[in-house]
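The chain contents come next:
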Amino acid sequence: MNISRLVRAAQRGNKEALLELILAEQDAYYRLAYSYMRNEHDAMDVMEDMIVTLYEKLEQLKKHEAFYSWSKTILVNRCKTVLRNQNRFLPLEEDEAPEPAMEAWTADNPYRDTESEMDLSVLLAHLNPRQREAIELRYVHDLPYQTIADITEAPVGTIKSRISQGIQKLKAMIGGDRYENDRGEITGASADHDAIRT
């Protein structure tokens, strides 16, 4: 699929070209909308709003290859507007949200559940809203850093910092002080303990 060609055609009024662009990423749009709206009906509504906005403002897009980043930014902004109007949106300006109790999944043994059984949303609920949003957009929705920066109106460096801090917090929560670095070496406190025993 040639994104630039389809965007140019859509900008000239070809509705089928715009539809083709949207249908190619419809699942990604839906997952992104659902992650904010938390129900199917509202997710579909904000997607419809996004399509109308794309149709009305497509001529403003200068970099044709940035269509998907631009359209996803529009979608997230629409989600936030609707949530704000419904008083359901937790403002990202708040530095810390109250953390839910971890007893629900740690109990006596923090490793009692397998990784596949751990609910990602339970883990992410322990992060502040800015960290949670950045990590979800990066790792759940696979968006590039620049797109996340555009969506959240924060510098790329800030986004990387939020993600790094959030991941460090998640590692500490699940006992992730022992992990392999990019060279395959074991690092962390457990590695020091292993070195003493050998």
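Figured I'd write up the structure that's included with this text. What you are looking at is a predicted structure, and each value in this text was computed from that prediction instead of being measured. (Residues numbered from 1 in each chain as written. Predicted model: local features only at pLDDT ≥ 70, side-chain atom pairs only at ≥ 80, totals over all residues. Heavy atoms only, no water.)

### Some remarks on the overall build of the protein chain
Next, step 1: Secondary structure assignment for the protein chain yields 11 helices and two strands.
Next, step 2: Ordered by position from the N terminus, the helices and strands of the protein chain form the series α-α-α-α-α-α-α-α-α-α-β-β-α.
Next, step 3: Within the protein chain, contacts between residues separated by at least 24 positions form 57% of all contacts whose residues are at least 6 apart in sequence.
Next, step 4: Only carbon and sulfur atoms are counted for the fraction: they give 50% of the accessible area of the protein chain, which is about 12100 Å². (Helix = DSSP H or I, 4+ residues; strand = E, 2+ residues; numbered from the N terminus. Contact = heavy atoms within 4.5 Å. Areas by Shrake-Rupley, 256 points an atom, 1.4 Å probe, with all protein chains shown as cover.)

### Concerning the packing of helix α8 (residues 129-140) against helix α10 (residues 156-173)
Next, step 1: Where α8 meets α10, the closest approach of the two axes is 8 Å, and the angle between their N-to-C directions is 100 degrees. In this view, α8 runs roughly perpendicular relative to α10, as classed from their interaxial angle. From α8, R130, Q131, A134, I135, R138 and Y139 reach across to α10, where they touch I159, R162, I163, Q165, G166, I167, K169 and L170.
Next, step 2: Tallied by class, the residues present in the contact of α8 with α10 amount to seven nonpolar, three polar and four charged. (Axes fitted to C-alpha atoms, helices over the stretch in contact; angles between N-to-C directions. Parallel < 35°, antiparallel > 145°, perpendicular 65-115°, else oblique. Nonpolar A, V, L, I, M, F, W, Y, C, P; charged D, E, K, R; others polar.)

### Here we look at the nonpolar core
Next, step 1: Counting residues in each nonpolar core, the largest one holds 43 residues, and the members touching the most others are Y29, Y36, F67 and L75.
Next, step 2: Non-local contacts of Y29, meaning those with residues more than four positions away in its chain, are made with I22, M47, M50, F67, Y68, S71, K72 and L75. (Core = buried A, V, L, I, M, F, W, Y, C linked by side-chain atoms within 4.5 Å. Buried < 20%, exposed > 50% of the residue type's maximum accessible area, 1.4 Å probe, protein only.)

### Some points on unusual backbone geometry
Next, step 1: With phi around 65 degrees, R38 is a residue other than glycine that occupies positive phi space.
Next, step 2: Summarising the element assignment, R38 is placed in the loop between α3 (26-37) and α4 (40-57).
Next, step 3: A positive phi angle, near 55 degrees, is found at D142, a position not held by glycine.
Next, step 4: Overall, the relative accessible area of 60% leaves D142 in the exposed class.

### Thoughts on the pattern of salt bridges
Next, step 1: Summed over the entire model, instances satisfying the criterion amount to four salt bridges.
Next, step 2: The residue E136 makes a salt bridge to R38 at a minimum N-O spacing of 4.0 Å. Placement of the pair is E136 in helix α8 and R38 in the loop between α3 and α4, with a sequence separation of 98 residues.
Next, step 3: Of the residues examined, E136 reaches a relative accessible area of 13% and is grouped as buried. (Salt bridge = Lys/Arg side-chain N within 4 Å of Asp/Glu carboxyl O.)

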